[in-house]
Amino acid sequence: MPEKMFSSSLFQSKQKPKLNYSLIALDIDGTLLNEHKEITRANQEALRTFQAAGGNVVLISGRLPRSILWHTQLLDLNTPFAALNGAIIGTGEQIVSGVAFPRDVVLDFLAYCRGNGLYCHIYTVKGMIFDTPAGWNDHWPSQNLARLEGQQPPSEWALRVREYCPALRVDDLAGWVKISREPIYKMAVLSESSLEEAAGDLGQIPGLSVTSSDPRNLEICPTNVSKGAALRQIANSLAIRPEQIMAIGDNYNDLSLFQVAGLSVAMGNAPEAVKQQAQVVTRSNCESGVAWAVHRWALRGGL
């Protein structure tokens, strides 16, 4: 997208722009980030403009808390965030709240996956745990890094990413779950084949809430955990009403955000079914669709 699309008088005026919304709830992958997993300059500048005018930007993602924290730091955010699809709410280095699975529910999930030959892994607050080497977990630690468009991640993050976001291989996931005391906040199934039947079966297991962020995955959280529930909790803590919220997302795990927000915005790269659930559609993540949405709907007198 040409840079001139965002070079409005808002950037040149010393007056703060007025806001149509007090809070922007923002997914990360496929939304904030472009196809190279970068925060584009246009997105960065638009969000800075919104914050400078008094707005709050809240990142809500399926990623680990550490990964989201890095993205908040690149955007100079000091608001709470939600990780692992809303199972954990944090602010800065602190975990404010978390909802973990009961152990028996995790074991039921693992038994189903093992019985049906499905690859799966689980997440603690610190990292991923798996027992089957696969392309899904090969380079996972580095995928948690945050970067600005055209730049490398800060060197300290890159050097310590396997410490901050470890992918731990164990001999047997079920055996590890039985002896470990680590809370488990999210689980995932990944496959190149259709997961429609698995989604239906897993949805029948008590204690599981099933969604997806990609045609090749299922993301499983504890019952009543969702991005939308986390957004509602964060907004309440900031004394912001639902009608003052604009939510932007690109996939099925973002639909619960849409149900909470006063304005729901689907990315141009979202599946058609997701677009149909949103009130408006912005441009794609390859075209800085977040920046376009901020200027079009969040800033008064925008595009």
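Refer to the structure above for everything that follows.
Residues numbered from 1 in each chain as written. Predicted model: local features only at pLDDT ≥ 70, side-chain atom pairs only at ≥ 80, totals over all residues. Heavy atoms only, no water.

1. Regarding the environment of L263
Piece 1. Checked against the element boundaries, L263 lands in strand β13 (residues 263-266).
Piece 2. Given the relative accessible area of 8%, L263 is considered buried.
Piece 3. In contact with L263, not counting residues within four places along its chain, are Y21, I245, M246, A247, Q279, V280 and W297. (Helix = DSSP H or I, 4+ residues; strand = E, 2+ residues; numbered from the N terminus. Buried < 20%, exposed > 50% of the residue type's maximum accessible area, 1.4 Å probe, protein only. Contact = heavy atoms within 4.5 Å.)

2. Observations regarding the layout of surface pockets
Piece 1. In this model, the largest pocket occupies a volume close to 860 Å³.
Piece 2. In this structure, the largest pocket is lined by 33 residues; those nearest its centre are D29, K37, Q143, S213 and N217.
Piece 3. Of all the secondary-structure elements, those providing two or more residues to the lining of the largest pocket are α2 (28-32), β6 (119-123), α7 (140-143), β9 (186-190) and β11 (217-222).
Piece 4. Looking at the lining of the largest pocket residue by residue, the classes come out as nine nonpolar, twelve polar and twelve charged. (1 Å grid on protein atoms, 1.4 Å probe; cavity = no way out; pocket = protein on both sides within 12 Å on 5 of 7 lines; lining within 4 Å. Points joined across faces, edges and corners; volume = space filled by probe spheres on them. Nonpolar A, V, L, I, M, F, W, Y, C, P; charged D, E, K, R; others polar.)

3. Examining the packing of helix α4 (residues 65-74) against helix α8 (residues 155-164)
Piece 1. At a minimum axis distance of 11 Å, the contact between α4 and α8 shows a crossing angle of 150°. Accordingly, the angle class assigned to the pair α4 and α8 is roughly antiparallel. For the pair α4 and α8, contact is made by R66, W70, Q73 and L74 and by W157, V161 and Y164, respectively.
Piece 2. The residue makeup of the contact of α4 with α8, split by class, is five nonpolar, one polar and one charged. (Axes fitted to C-alpha atoms, helices over the stretch in contact; angles between N-to-C directions. Parallel < 35°, antiparallel > 145°, perpendicular 65-115°, else oblique.)

4. Things to note about the sheet that holds strand β4 (residues 88-91)
Piece 1. Strand order in the open sheet made by the three strands is β3-β4-β5, with antiparallel pairing throughout. Edge positions in the sheet fall to β3 (81-83) and β5 (94-98), since each has one partner strand and no second. Taking the axes of each pair of neighbouring strands and ignoring which way they run, one obtains an average angle of 30° across the sheet.
Piece 2. Pairing between β3 and β4: three bridges, direction antiparallel. When the sheet's bridge partners are listed, F81 is paired in β4 with G90.
Piece 3. Here α4 sits on the sheet in contact with β3, β4 and β5, set at roughly 150° to β3. (Pairing = 2+ DSSP bridges.)

5. Brief notes about the pattern of salt bridges
Piece 1. Under the defined criterion, the tally for this structure stands at 14 salt bridges.
Piece 2. In this structure, K227 and D27 form a salt bridge, with 3.0 Å as the shortest nitrogen-oxygen distance. Note that K227 is positioned in helix α11 (residues 227-237) and D27 in the loop between β1 (23-26) and α2, a separation of 200 residues in sequence.
Piece 3. Judged by its relative accessible area of 1%, K227 falls in the buried class.
Piece 4. The exposure class assigned to D27 is buried, which follows from its relative accessible area of 4%. (Salt bridge = Lys/Arg side-chain N within 4 Å of Asp/Glu carboxyl O.)

6. Section: the environment of I184
Piece 1. Tracing the sequence through the fold places I184 in the loop between α9 (173-179) and β9.
Piece 2. Residue I184 is classed as buried on the basis of its relative accessible area of 0%.
Piece 3. Sequence-wise, I184 and Y123 are 61 residues apart; in three dimensions their C-alpha atoms are separated by 5.7 Å.
Piece 4. The contact partners of I184, leaving out residues within four places of it in the chain, are A100, F101, R103, V106, I122, Y123, W176 and V177.

7. With respect to the environment of P153
Piece 1. Locating P153 in the fold gives a position in the loop between α7 and α8.
Piece 2. Accessibility expressed as a relative area gives 10% for P153, which makes it buried.
Piece 3. Sequence spacing of P153 and G207 is 54 residues, and the spatial spacing of their C-alpha atoms is 38 Å.
Piece 4. Residues contacting P153, with those up to four places away along its chain left out, are L145, A146 and R147.

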